[in-house]
Structure formats: structure tokens, C-alpha cells
Amino acid sequence: MALLLPLDDKSGYVFCKQFGFFCKSLVQAATSDDDGIIDMKAITEAVPSDKEQQQNDNSREKIVFEALCCALSWRKEFVAVALSSKFIIVFRAADRTVIRAFRISRFPTVILFDKDDEHVIVSDRAGHVTRYLAMKSPEKVEQRREITGELTNYEGEPLSGTFSMILDLALSPDGRKLAMADRDEKIRVSRYPQCFVIENFCLGHTEFVSTMAVHENRLFSSGGDATIKEWDYQTGQLLRESAPLKLAAQKGVKPIRKIFLFSLNGKLHLAAFSYEMKTIFVVDEGNLATIAEIPLDDVPLHAAHFEGPIFQIIARSSIYRICCETRSVEKVETCAKLLELLKDAAEPMPITYKNVAYNNAEQYFERKRTKFEEIAKGDRTRKGKKKNSNGKQDAQGMDESAESVQT
Amino acid sequence: MTSETSENDVRPDLSAVQGLPQKRHYRQRAHANPHSDHDINYPVCPAKMDWTGLYGDYANGRKVEFVDVGCGYGGLLISLSPLYPESLMLGMEIRMKVSDFVIDKISALRRHSKENDKVDYFNVACLRSNAMKFLPNYFEKHQLSKMFFLFPDPHFKNRKHKWRIITPALLAEYAYCLRPGGLVYTITDVEDLHDWMVLHLNEHPLFERLTDEEEKNDKILPYVVNSTEEGQKAAREGRNKYPAIFRRLPDPDP
Ligand SMILES: C[S@@+](CC[C@H](N)C(=O)[O-])C[C@H]1O[C@@H](n2cnc3c(N)ncnc32)[C@H](O)[C@@H]1O
């Protein structure tokens, strides 16, 4: 896994393995080994831990150290990175001064600053959404309850929770609504930070929802079903939807992992990336029709929007700059150290389609039918012959006799 | 039936009904993992749900109002059905065989009622589903007026507390489904679980407990205490039962 984080139209950060690389110009010029590097592993190793945390630390030894998600503060001064080692680092974008480095208790999936840049909102694989102070450490960390009611010694303020992995977060322009997309096909829109008030669910996707983009009162989303859906997130109403995005020759769909809104010739468009295909879909927001399929040289590990029609993807072979207007794709010259790390970068976070392997219900009703037929037959014979009425023949069959039974 | 009857039995007398299913054919192990992907057919959204499949024509012009979460063998639904003939009630039960028992029982009751030219029990139905995941797929915002959590699985171990049916996370979803003024009924024979449910409902900004007086006068409470299989069992085995009722408060001003 590798991540791109644009700071402005040119510069940005690239995260790969334990390092963050500051790149003065991610657009045309080569990044050089002299550019600033932040060693995230060294930073987190210096953070002291308590007993509960140590146990949690030890259990993560086998985990590849990498950045799982990152965010830029709204005033573009600070960067927050969430790591596979269950750490969050907040640092100053300009000079990599570490503001905070702290532990969280579960694998992060998405990180986002709230609109006043006071907190980072973090979702995790267990479906929790928690916020943490971004700019200063809490004065005192007391035992608290998770959103599941469990006690924990980790800092943070629980906001929301689902029984499903959270795959994307988005804030409304005024910062007062938080949208959470999950693996159970749902988008939940809560108040922020009073997330206990769920305003709406946007329901219509038939597979996981992995990406959202907000424009005024509207929310765009996509995911495992590869359709783009447009919602009024104030009401949860589905306004419009596209056909699944796919190449003409392609059988089946590949999940869309990232959508961006951008302006092209004064009109709103969407760029959609699958992290399994060498293609960018450019979609006209007016009718949600695909107007271009831009072929790529490599499969993206991560995609980022710079300015206007300019996007970049990071892949195992390099970083590429794409212009959705001219449809040009250029390799960005990248420093040797980063190239070396990229070669064996891990896959983006896997999101699996639901796998209901065995058809439980069908089997059950089949067994029930035969069993009740037998019982009926037994009843008839019993009535006819007036004997053999032990009635025990149904002690098994539907009973899972090996399992504990409770009414 | 007689062996299960206790002094406080509030359940209707069904002795005249033919073809009621026998529980022994539907037993299933006690716990289903609420996290796993069961093969449950849930609608994409409430508008896509065909309620006539569960209530027949009785669903026309009516919406589900009461939900019994983890209804087990359905004792509450069957008992409340005659009291609120105009309200649709739904039992949600994750265990397939258990829900199938309730479905078969309701069919037998409806058959019997039809033979007598009545529409009794057409207002109750049971659905196999995971209430911890899919409530918003079935119910619109503020649709429900009552939710029941009767003798829920206690999940004793600390590590399993997060599987409990009352948690701050799930309360937000229940509050979404319930209309302001709607009621949540909880009851358990496990004191620790009672404390847990009361703690989290009390702490949640959208719920407030009814006063003792209000709880005492609640018409449904006797059914909550005595109509379900677990309630009967606790009584037979002489265990205390701890009921509580909470009101869904209006959302605070934004
Ligand atoms: C101990 S039983 C109580 C049954 C019934 N309410 C009574 O009082 O007799 C709890 C029931 O909740 C069901 N259950 C647990 N989790 C559930 C879920 N997520 N969705 C639906 N039902 C669930 C269990 O299968 C079980 O039948």
C-alpha cells in the first residue's frame, strides 16, 4: 500500500512503508533524495505505552508497517497519518514537526480532520468511528466506554458504530453532518459531533460502499456495484444513478475504490478509479454518463486529486500524473529510494464482497420438508397399525444434536 | 402447554387451534454470530420491502409499528396481537429454525382464525433477520412506536459485551427507527445485563426512563414480563425479572 497526499497544485507527500516523503513538485519535476523524509516507525517507537497497549502492540508484530490512510487539515497546515501499527501521527506539513503521535486500539480505515481542524475523525475495521484531539494531547486519559459499551483505556471520543467495516467518511461543507459508508451497502448520515442523532441512511447500493464525494447538498458514492449514485444527504433520497462503470469488453464489474469531483470546462465531473483496473472513468455529472475511459500504465494503489483536471496515481512502477482534459498520462520521475520501496508495496486495503458460502436456508427447508413428510408417514402408519409409537424418530434430523440447545 | 403455564400466564388460550408447530422440531443452538454474513434476504431499502408477503392484504395501508427484537419463539407477538389489532407487529429473529417456528405458528393461528371468519393474527409476523445490522433496511426514520428487547442474550464475558443488543452504537439506530415519544421495553433475568441496559439507555441523550408510576401503569408491561418463553422459564425456575421502559426523546435542536 502507498498513499498520495497533495498539499497544493504541486507539492505533496507520498507514504510508503514506514516513510513519508515530502515532494516539492509532484507534478513535473523529479523528487530528489534531499526532499524531506519522515520516519514514522521511529516516531511511534518513541511513544511510551501502558500495559493494555503493550499487549495490543505485541499482537501486531507480524503486521507490515504501513500508512493505511492520511488526511490534510482543512487549512492545509497539518497532515494526519493512520498506521497499520495502530498509531496516528499528526505533523506540520511544512517542516514535519510532529504535533502528536498516539495509539488507537483498532486498525484504522479512514481518517479525516473535522472542519475546525481540532479533531481527527477515525473509522476502523470493527465499524467504530472515534474522534481524537489533533493539535494537543488530552490533559488526562481516563477509562472510558467505547461505542459498543466496552471499557477502554485508550483516549478518544466515540461517535458512532456499525456492525460493519467503515470504508469511507465525508463531512458536509458546513462540517455539521458526517457521512459514513460501510461494507453493508449503507451510507449513514449523522449529525456531527452529535452523531447519536442519525439523520438519514442513503440506501440503494447493492454491494459495499467504498467512496464518497460531497458537493453542496449532494453526496456521490460508489463501491462494489461500480454504479455512481447521487443522493440528497439531507433526506437520504436517491436522486440519480449511473449504470455500472466498466469497459465495454469487460465481463462483470470491478469495484470502484475512489471517486473525485472536479471541474472541467466549468462543468462538474467525476473521476472514478478502480484499484484493480488500469483505467480511469471520467463521468459527466450532468447525466452521470461516462465520457472518457483513460487507460493507465499500471494499476493504482492509490489515487489523488490535485487541481482542476489533474490527478495522480501511485503504482508499484511509479507515480503517474493524469490530465483528465487532455487525457495525457505521464510518469513522474521519482527518487530511487521511493521507487525501491514501491516495488513491493502491499495491496490497498482488501474489501471483500460478501461471501455467504453455504446456502443455509435452502438446506434447512429441504431437510424440514423431508422430515415432516416422514413424520406424516409415520403418523399414518401408527394410526393404521396402532403400534410403534415411540415418536422418537424426529429426535435428530433437524436437531443439531451435537450442539447445545436452548429455548 | 400445561407444564409451561404459571400463575402469571398472560398468554391467550390456543388449545382450540389445530396444527400448531411443536417446538421440539425447531430447536437450534443458542447463539448465532451477529457479525457473520448470514444468508439473509433483506431489502435494499424500506421502500423495496413487500410487506404483503408477511401480512397479506392486512399490510395495505398499514406500517409496522411494534418490533420485537430477538423474538425467540414469539410469545409476546401472539399475546399482543389481539390487544392491538390495528397495529402491525414484527418479530425479528436471527436463528432460522426459531423464526420458522414462529412463522409456522402464526400460519396455524391465521388458518384457525380464517375458519372462524376472523382476521385474528394477521397483524403479527416474524422475519428471520439480523436486527443489529439491517433495521434501517426495513424501517423508515421514526416509523416505530415500540421496540421490545425481551430476555436478550446476556453475553456474559467482557470480551463479548460488544455483542449485546443494547449498546450506545445500536441505540442510535433504535432512536432513528423510533418516533419521538416511542417506547423501548427491556427485560432480563440477569441483573448485570439489566444494569448494563439501564446504564446505556440512561446515558443516551435520546432516551429517558419512565417514572416508576408510569412503568407501573403501562398496559403492556405485564406481557413483557410474562408472555414470552424466556419469561415463563425464569418464572418456573424462580428467577427475578428486571423490566424497564424508556421513552424516545425528541432530537435536540441542531
Ligand atoms: C434468549 S432469547 C429471548 C427470546 C424471546 N425474546 C423471549 O423472551 O423468549 C434471545 C433471542 O434473540 C435472538 N437474537 C440475538 N441476536 C439477534 C439479532 N442480531 N437479530 C435478531 N435476533 C437476534 C436470538 O437468536 C434469541 O432467539
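Quick caveat: nothing in here was measured; it's all calculated off a predicted structure.

Draft legend 1. Quick peek at the overall build of chain A. Assigned secondary structure in chain A consists of four helices and 30 strands. With 407 residues in all, chain A has 56% of them scored as buried. Put simply, chain A shows about 17900 Å² of open surface, and 48% of that area lies on carbon and sulfur atoms.

Draft legend 2. Representation of the confidence of the model for chain A in the model. Taken over all residues, the pLDDT of chain A has a mean of 88, while the share at 70 or more is 88%. In this model, residues 386-407 of chain A is a region of pLDDT below 50 whose contacts with residues beyond four sequence positions or in other chains number 47 contacts.

Draft legend 3. Quick look at the site of the ligand. Taken together, 18 residues sit near the ligand, with B:Gly70, B:Glu93, B:Asn130, B:Leu150 and B:Thr228 positioned nearest. Those residues lying near the ligand are distributed over chains A and B. The separation between a nitrogen atom of the ligand and a polar main-chain atom of B:Ala131 is 2.9 Å. The backbone of B:Glu230 places a nitrogen or oxygen atom 3.0 Å from an oxygen atom of the ligand. Burial of the ligand by the protein chains amounts to 96% of its free accessible area of 600 Å². Of all the secondary-structure elements, those providing two or more residues to the shell around the ligand are strand E2 (88-93), helix H4 (131-138) and helix H9 (229-236) of chain B. Each residue belonging to the shell around the ligand can be placed in one class, and the counts come to seven nonpolar, six polar and five charged.

Draft legend 4. Spatial organisation of the sheet that holds strand E24 (residues 267-273) of chain A. Residue and element names in this part refer to chain A. Taken in spatial order, the four strands make up an open sheet running E23-E24-E25-E26, and their pairing is antiparallel. Both edges of this open sheet fall to strand E23 (258-264) and strand E26 (289-295), since each of them pairs with a single strand only. Here the average twist between neighbouring strands, direction ignored, is 25 degrees.

Draft legend 5. Structural context of the side chain of A:Glu230. Residues and elements named next belong to chain A. Relative to the assigned elements, Glu230 resides in strand E21 (residues 229-232). In this structure the side chain of Glu230 is engaged in a polar contact, spanning 3.0 Å, whose partner is the side chain of Arg218. Within polar-contact distance, the side chain of Glu230 engages the side chain of Arg240 at 2.3 Å. With residues near it in sequence (within four places) discarded, Glu230 still touches Arg218, Leu219, Phe220, Gln237, Leu238, Leu239, Arg240 and Glu285.

Draft legend 6. How the structure looks around the side chain of B:Glu215. Along the chain, B:Glu215 turns up in helix H7 (residues 212-217). The residues touching B:Glu215, leaving out its near neighbours within four places in the chain, are B:Arg209, B:Leu210, B:Leu221, B:Pro243, B:Ala244 and B:Ile245.

Draft legend 7. Broad picture of the environment of B:Asp251. Within the secondary structure layout, B:Asp251 lies in the segment after strand E7 (242-248). On a C-alpha basis, the gap between B:Asp251 and B:Leu206 in space is 6.7 Å, while along the polypeptide they are 45 residues apart. Contact partners of B:Asp251, with chain neighbours within four places excluded, come to A:Arg191, A:Val197, B:His142 and B:Leu206. In terms of polar contacts, B:Asp251 uses its side chain to reach the side chain of B:Arg248, at 2.7 Å.

Rules behind the numbers
Residues numbered from 1 in each chain as written. Chains lettered and ligands numbered in written order. Predicted model: local features only at pLDDT ≥ 70, side-chain atom pairs only at ≥ 80, totals over all residues. Heavy atoms only, no water. Helix = DSSP H or I, 4+ residues; strand = E, 2+ residues; numbered from the N terminus. Buried < 20%, exposed > 50% of the residue type's maximum accessible area, 1.4 Å probe, protein only. Areas by Shrake-Rupley, 256 points an atom, 1.4 Å probe, with all protein chains shown as cover. pLDDT = per-residue confidence, 0-100. Contact = heavy atoms within 4.5 Å. Near = heavy atom within 4 Å. Polar contact = N/O pair within 3.5 Å; in protein donor to acceptor, adjacent residues only side chain to side chain. Nonpolar A, V, L, I, M, F, W, Y, C, P; charged D, E, K, R; others polar. Pairing = 2+ DSSP bridges. Axes fitted to C-alpha atoms, helices over the stretch in contact; angles between N-to-C directions.

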